Amino acid sequence: MTEITTIAERIEQPDSERKQNKYDGWSVLNTTNSPEEYATAWLSIQCSRLENVNRAVVVFGAPDRGPFAPIAVWPEAASGSPRILTAIESVVSTKASCILNTENNDVVNSDNVIATPILVDNRICGVVAIEVSQTDDSHQQKTLIDLEWGLVWMQMLVRRGRLTPTDRLVTVLELLATSLHHERFQEAATAVVTELANIFGCERVSIGFLKGKHAVVKALSHSAQVGKKANLIQNIEAVMDESIDQHITVVYPVLKGAPIQIVRSHETLHKKQGENAICTVPYTDGSHVIGAFTLERPIDQPFDADTVKILEHAASLLGQILNVKRKEDRWLFSKIGSSFRSNLSKLIGRKHMAFKLVFYCLFAVIAFLSIAEGEYRITADATLEGAVQRVVAAPMAGYIASQHVRAGDIVKAGEILFTLDERDLRLEKLKWQSQHSQRNREYIEASAEHDRAKARILNAQIEQANAQIALIDEQLKRIRISAPFDGIVVSGDLSQSLGAPVERGDILFEVAPLDTYRVVLDVDEAEISHIKPDQTGKLVLAGTPDDEIPIIIEKITPVSSAAEGKNFFRVEARLDSYDLENLRPGMQGVGKINVDERKLIWIWTYKITHWMRMFFWTWLP
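Cut-offs applied
Residues numbered from 1 in each chain as written. Predicted model: local features only at pLDDT ≥ 70, side-chain atom pairs only at ≥ 80, totals over all residues. Heavy atoms only, no water. Helix = DSSP H or I, 4+ residues; strand = E, 2+ residues; numbered from the N terminus. Rg over C-alpha atoms; globule rule 2.2 N^0.38 Å. Buried < 20%, exposed > 50% of the residue type's maximum accessible area, 1.4 Å probe, protein only. Areas by Shrake-Rupley, 256 points an atom, 1.4 Å probe, with all protein chains shown as cover. Lys, Arg positive; Asp, Glu negative; His and termini not counted. Charge placed at Lys NZ, Arg CZ, Asp CG, Glu CD. Domains from an automatic or database assignment. Pairing = 2+ DSSP bridges. Phe/Tyr/Trp six-rings, centres within 6.5 Å; stacked < 30°, edge-to-face > 60°. Expected span 1.5 Å × (residues − 1). Salt bridge = Lys/Arg side-chain N within 4 Å of Asp/Glu carboxyl O. Axes fitted to C-alpha atoms, helices over the stretch in contact; angles between N-to-C directions. Polar contact = N/O pair within 3.5 Å; in protein donor to acceptor, adjacent residues only side chain to side chain. Contact = heavy atoms within 4.5 Å.

### With respect to the overall build of the protein chain
Piece 1. Each helix and strand in the protein chain was counted, giving 15 helices and 24 strands.
Piece 2. Relative to the 2.2 N^0.38 estimate, which gives 25 Å for 621 residues, the radius of gyration of the protein chain is 54 Å and therefore markedly larger than a compact globule would have.
Piece 3. Expressed as lengths along the three principal axes of its C-alpha atoms, the size of the protein chain is roughly 185 × 70 × 50 Å.
Piece 4. Counting all 621 residues of the protein chain, 40% fall into the buried class.
Piece 5. On the protein chain, roughly 35300 Å² of surface is accessible, and the fraction owed to carbon and sulfur atoms is 54%.
Piece 6. Across the protein chain, the 68 positively charged side chains and the 80 negatively charged ones have centroids separated by 5 Å.

And the structure:
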């Protein structure tokens, strides 16, 4: 049974509080755009014209399917009546007027109810029900006739479309919600066509998609499978092809005033499948027709222009949504094949000139890279070092007295780098000199006394004092440490350590020459196999980016170091005939080592291919 909203819930005030609205209903009918105001004004006029009316209600809903809900009551705050609800249910089910007398329901002291349908194109769009005081049958018949005469205004409301925009919006939104509710295509398509059948009162609704040059039915309303009705499916597909080929909506029987159309397939389906009214609506993906909806319903309910317009709006949205779901629901290889065919089709014909230009330019570039050869060079971070690096250490234990240079200073051979405190050594020398003088006097006295034994002992002590003095003199010469050669101080700064003690052998400075250098390159382990001695290359330092310095590989060390998540091998190279004036140890840059001639496409892609080989080999069993 058609769903009806309970009217008694809307009307709750007792009879003692009834108040009849007093306003100019005719002006409202001419000016309002609200269906509720229009129905309220009409109902007020009717109740004022009819006799013995106690209460009245107008219900409206989607044609033939509901739900029906009250949009106007009279008086405005009238109480509910179960007998009015019973009369409305009877009218909706029979599409005929109804008079519900008291004796028919065995209800004592109850008024009679008169209800009549609002019919438009033989479709029930609403019901008007009034409750009148008990009168004879002739008076009830007269009231019913007057009420039916007044229904012309309500039919005009439906026909001029005062309710149509809302119905269209609700219908389209319901269909969109249905299509989006399901994730899988087949479920969504079946749900959509079934909902279309329910909304528009159709016996069968089908949806098809173009496959090649012909439509293929993908879903039928109220049916989970399509292939079991072969003849029917073929006829429906022919109907869809007929509409798609013409790029227009085809309605059969043909609407009055419609343009000339080919309807042969529609006529065949009409004759073979129960002589139904048929409407086929094609839909697009924005630029191309991709499928169609076919709707069939009884011949006594043909498709009118308003219904066709709603179907076209709904199809334009639903078709694209379902097409997206259909594409997403395919197998991976099917998606790849479809994408390939789609892109291939763009290369043929007159359209898609930009795509063709890009494709052929890319193809030409790939072809050139596959044929042409270039120099394969390995790039590595490089550091410039001195070929010899001399350590300057403390010659003896002592205290730092002064500093003359620091790291970065250029020094000449023999230039003082720093000095040690000499006061302790001079005191020690003075001590031994005093002992030497004393023993020398004692030695003279012993010799005068001819005491040979004592003279020999004193002579040994004199020689010991001489040796100590000589040692101290040598140490005094070494407290001033000088540069061993012309060069640059690579490291060392004693400006913050003056007066600090040092031990013998402590490294205080490092000095490198300015005339001989070597280049240290950190080569990735993935490319170390291509490096060989005597290979040539270029070095560009950050300090001189405009100069390319030629280098020659000399040594490949077998020890690797880890940095930035990779392993690097140390490769040493020498500079080949370059002005060394602007070079300094510690400068960094980038070196490129020439390997051999190879295909350009290999040079640009070998890192990716090597990574892929390693990745797949790791995961393969």
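### Some thoughts on the domain arrangement of the protein chain
By a widely used convention, the size of an interface equals the accessible area lost when the partners come together.
Piece 1. According to the domain assignment, the protein chain contains domain 1 (23–161), domain 2 (165–328), domain 3 (390–510) and domain 4 (516–619).
Piece 2. The gap between the C-alpha centroids of domain 1 and domain 3 is 129 Å.

### Topic: the pairing of strand β7 (residues 214–220)
Piece 1. In terms of strand pairing, strand β6 (residues 204–211) meets β7 through six bridges, oriented antiparallel. Within the sheet, the bridge partner assigned to K211 lies in β7 and is H214.
Piece 2. The hairpin formed by β6 and β7 contains two residues between the paired strands, and G212 there has a positive phi angle of roughly 75 degrees.

### A word on unusual backbone geometry
Piece 1. Looking along the chain, the bond that leaves W74 and enters P75 is cis, with omega of -15 degrees.
Piece 2. Tracing the backbone through its elements, the reader meets P75 in the loop between β2 (69–74) and α3 (82–94).
Piece 3. If you check the backbone angles, E564 has positive phi at about 55 degrees while not being a glycine.
Piece 4. Within the secondary structure layout, E564 lies in the loop between β22 (544–563) and β23 (566–575).
Piece 5. Judged by relative accessible area, which is 79%, E564 ranks as exposed.

### Describing the packing of aromatic side chains
Piece 1. In this structure the tally under the stated criterion is eleven aromatic pairs.
Piece 2. With a centroid separation of 4.7 Å and an interplanar angle of 10 degrees, the aromatic rings of W602 and Y606 are classed as stacked. With a gap of four residues between them, W602 and Y606 both fall in helix α15 (residues 600–619), about one helical turn apart.
Piece 3. By relative accessible area, which is 27% here, W602 ends up partly exposed.

### Topic: helix α10 (residues 305–328)
Piece 1. Between the first and last C-alpha of α10 there are 35 Å, a value that for 24 residues agrees with the 34 Å anticipated at 1.5 Å per step.
Piece 2. Among all positions of α10, only T307, V308, I310, L311, A314, A315, L318, G319, L322, N323 and K325 are buried.

### Focus: the pattern of salt bridges
Piece 1. Summed over all chains, the structure comprises 15 salt bridges.
Piece 2. Note that D146 is salt-bridged to K142, the shortest N-O span being 3.2 Å. Of this pair, D146 and K142 both sit in helix α5 (residues 137–159), four residues apart, roughly one helical turn.
Piece 3. Of the charged contacts, one joins R518 and E385 as a salt bridge, the two residues approaching to 3.3 Å between their closest N and O atoms. On the criterion of sequence distance, the pair formed by R518 in strand β20 (residues 517–524) and E385 in strand β11 (residues 373–386) is long-range, its members being 133 residues apart.
Piece 4. Here E385 falls in the partly exposed class, since its relative accessible area comes to 23%.
Piece 5. Linked by salt bridges that have partners in common, E385, R518, R570 and E572 make up one network.

### Looking at the pairing of β6
Two faces make up the sheet, and in a regular strand the side chains alternate between them.
Piece 1. Among the eight residues of β6, six are classified as buried, and the element is accordingly described as predominantly covered.
Piece 2. With six bridges joining them, β6 and strand β10 (residues 289–297) adopt antiparallel strand pairing. In the sheet register, R204 faces β10, and the bridge partner there is E296.

### What about the sheet that holds β7?
Piece 1. Spatial ordering of the open sheet is given by β7-β6-β10-β9-β8, a layout of five strands whose pairing is antiparallel. At either end of the open sheet lies a strand with only one pairing partner, and these are β7 and β8 (250–252). Ignoring which end each strand starts from, the neighbouring axes of this sheet average 20 degrees apart.
Piece 2. Relative to strand β9 (residues 277–284), β8 is paired through three bridges, and the arrangement is antiparallel. Across the sheet, the residue bridging to V251 is C279, located in β9.

### What to know about the side chain of N323
Piece 1. Mapped onto the elements, N323 comes out in helix α10.
Piece 2. Relative accessible area serves as the criterion here: at 5%, N323 is assigned to the buried category.
Piece 3. Separated by 2.8 Å, the side chains of N323 and R326 make a polar contact.
Piece 4. Those residues in contact with N323 that lie beyond four places of it in its chain are F209 and I290.

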